[in-house]
Amino acid sequence: MAGKVKRDYSLVGESTRIAIETGLASAEWYHTDVPRKTMKELMQRSDSPAIRDTAIWLAAILGSAAGGVYFWGTWWCVPFFLAYGVLYASASDSRWHECGHGTAFRTRWINDVVYQIASFMLMRNPVTWRWSHARHHTDTIIVGRDAEIAVMRPPDLLRTALAFTGILDFRYSLPALVRQAFGKLTPDEKSYVPEMEQHKAVIAARWHIAIYIATIALAVFVHSWIPLVLVGGPRLYGTWHMVLTGLLQHIGLADNVVDHRLNSRTVYMNPISRFIYWNMNYHVEHHMFPMVPYHALPRLHELIKHDLPEPNPSMWHAYREVWPVLLRQLKYEDYFLKRELPPTARPYRGEFHEVNMSAAAE
Amino acid sequence: MADWVEACAVDDVDEEDVIRFDHGGRSFAIYRSPDDEFFATDGFCTHEKAHLADGLVMDDIIECPKHNGRFNYKTGQAKGAPVCVNLQIYPVKVEAGKVMIQIA
């Protein structure tokens, strides 16, 4: 739908105006029919799965940290910190996400506590990111509206590759927290954080910065890098799994459509990645029904898969599918991977999914 | 003068659940609490246009299906981001097996 118009990913620019004018903003999205009784069962909250998983997660974090510190100064600390980094900086993303939705635990305050801890681990302002994620669900991959489009078009492949190291995200996240701590929100942030909530973003940023200052002070005081390797540092060396799994959510698929089957991807993954990722590999299902907790997503998938595109059987398969699309988008940014719905599926507003691909073949 | 309008039969709403009721160009949500009491609110979330009848009722909370915003459906109170504006509530009574709501 974007035609030859260059995409403007700011949230207050030309693409924003177009999205609002064409009805892409705050649109009615497709939902597969699920009987109310069944959906009620799927939506039911329970503390026990998330308490079990959180206990395992925290125990693994503490265990790997203890091993890393114990073996500090020898090569034996490396595997412990590799595990610690992923648990700290990748697993926290899915905990942040699920608790932000309020679906992980039935008890609200536990959701909120884990949300705050995970936000800190990720160097994410818990207030601005809550609102940006709400926008992501309202306007998923709508250019000019969605604040969480990971790979914009034309894709910057170097930047995407560097994302696996966490360097770019670190460079963005820490200065953003400092800026917010000084009371400054960008026009984009102001576009999705209501005015009455903006002061909360400033307070949250100040708390995060205070903890980082305390960590640096401790490192100086004890003449050791260990505090920084344990707090903040994992954002550099442990982010790769979050990027590996998270990039696949929407990369290479259509933008500016109002059907999550066309712009989101479900990928079958190994059990370890699914634990770290808390089942967000069922991403079409999550976007279509964000009320369904992570532990019920496999059941939801079985229920509605007849109406969804074929899932990718593995991450490797998904990346092999995406790579040539990214290369083609370098020359022709309107190109995307067109999802085929099964013959039994109900099509929905397919006009948004139509684009002239002939230029891409040249 | 506010009118009492028949919204549904008592049995139309399961316990700890919600249904949609449209009347006079407006949309409402009718709730049946776990204590077998009935309540009514505006149908759409105050955050964005999502109908609460597709949401989840837990005790005295209705959770919006779109962004998981939470309201107390008995008082209309918004319980925190992403909902900041309270929900309009309406008086409800049950007569002869029918749920009636008073619409201003």
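Residues numbered from 1 in each chain as written. Chains lettered and ligands numbered in written order. Predicted model: local features only at pLDDT ≥ 70, side-chain atom pairs only at ≥ 80, totals over all residues. Heavy atoms only, no water.

The name an unreviewed UniProt entry assigns to chain B is Naphthalene 1,2-dioxygenase system, ferredoxin component, from the organism Mesorhizobium ventifaucium. Recorded in UniProt for chain B, the comment headed Sequence similarities (unreviewed entry) runs: "Belongs to the bacterial ring-hydroxylating dioxygenase ferredoxin component family." Chain B has a UniProt comment under Cofactor (unreviewed entry) that states "[2Fe-2S] cluster". (UniProt positions renumbered as here; feature names shortened; annotations may be inferred.)

As recorded by an unreviewed UniProt entry, chain A carries the name Fatty acid desaturase and is attributed to Mesorhizobium ventifaucium.

J.: It is not clear to me how unusual backbone geometry should be interpreted in this structure. Could you clarify?
T.: One can expect most non-glycine residues to show negative phi and most peptide bonds to be in trans. Note that the residue after arginine 153 of chain A, namely proline 154 of chain A, is joined by a cis bond; omega there is -5°. Of note, proline 154 of chain A is situated in the loop between helix H7 (126-138) and helix H8 (157-163). Residue proline 82 of chain B is bonded to the preceding alanine 81 of chain B through a cis peptide linkage, with omega at 5°. Residue position: proline 82 of chain B is located in the loop between strand S7 (70-72) and strand S8 (89-90). Residue histidine 223 of chain A is not a glycine yet carries a positive backbone phi of 50°. Mapped onto the secondary structure, histidine 223 of chain A falls in the loop between helix H11 (195-222) and helix H12 (226-230). Exposure remark for histidine 223 of chain A: the relative accessible area of 74% places this residue in the exposed category. (Helix = DSSP H or I, 4+ residues; strand = E, 2+ residues; numbered from the N terminus. Buried < 20%, exposed > 50% of the residue type's maximum accessible area, 1.4 Å probe, protein only.)

J.: Explain the UniProt feature "transmembrane region" (unreviewed entry) in chain A to me, please; I cannot follow it from the model alone.
T.: All names here are of chain A. With numbering matched to this structure, UniProt assigns "transmembrane region" (unreviewed entry) to residues 55-87 and 209-226. A distance of 12 Å separates the end C-alpha atoms of residues 55-87, which is 82% helix and 0% strand. Each end of residues 209-226 is marked by a C-alpha atom, and these two atoms are 18 Å apart; helix forms 83% of the span and strand 0%.

J.: Which parts of the structure should I look at to understand the interface of chain A and chain B?
T.: It is common to report an interface's size as the accessible area lost on association of the parts. Opposite the 22 residues of chain A that make contact, chain B presents 23 residues. Among the residues chain A hides against chain B, the three largest losses belong to Arg36, Arg106 and Met291 of chain A. Together they make up 28% of the total. Applying the counting rule to chain A against chain B returns four salt bridges. The closest approach of N and O atoms between arginine 45 of chain A and glutamate 63 of chain B, which form a salt bridge, is 2.9 Å. Counting every contact that joins chain A to chain B gives ten residue pairs in polar contact (both at pLDDT 80 or more). Sorting the residues of the side of chain A that touches chain B by element identifies helix H2 (36-43), H7 and H11 of chain A as the ones contributing at least two each. Sorting elements by how many residues they give to the side of chain A that touches chain B places H7 of chain A first, with five residues. In terms of residue class, the side of chain A that touches chain B is built from eight nonpolar, seven polar and seven charged. (Contact = heavy atoms within 4.5 Å. Buried area = accessible area lost by both parts, 1.4 Å probe. Salt bridge = Lys/Arg side-chain N within 4 Å of Asp/Glu carboxyl O. Polar contact = N/O pair within 3.5 Å; in protein donor to acceptor, adjacent residues only side chain to side chain. Nonpolar A, V, L, I, M, F, W, Y, C, P; charged D, E, K, R; others polar.)

J.: Looking at this model, I keep getting lost on the UniProt feature "domain: Rieske" (unreviewed entry) in chain B. Mind explaining?
T.: Look at the UniProt record and you will see "domain: Rieske" (unreviewed entry) annotated at residues 5-101 of chain B. Within the segment residues 5-101 of chain B, helix and strand shares are 0% and 44% respectively, and the terminal C-alpha atoms sit 5 Å apart.

J.: Please explain the packing of helix H5 (residues 91-101) of chain A against helix H6 (residues 108-121) of chain A as it appears in this structure.
T.: Pairs of packed helices are described in terms of their axes, by the angle between the two and the distance that separates them. All names here are of chain A. As a packed pair, H5 and H6 sit with axes 8 Å apart at the nearest point and diverge in direction by 140°. Relative to H6, H5 is oriented so that their crossing is left-handed. When H5 is examined against H6, the residues Ser92, Arg95, Trp96, Cys99 and Gly100 are found in contact with a partner set consisting of Asn111, Val114, Tyr115, Ala118, Ser119 and Met121. Per-class residue counts for the contact of H5 with H6 are six nonpolar, four polar and one charged. (Axes fitted to C-alpha atoms, helices over the stretch in contact; angles between N-to-C directions. Left-handed = near helix turned anticlockwise from the far one by under 90°.)

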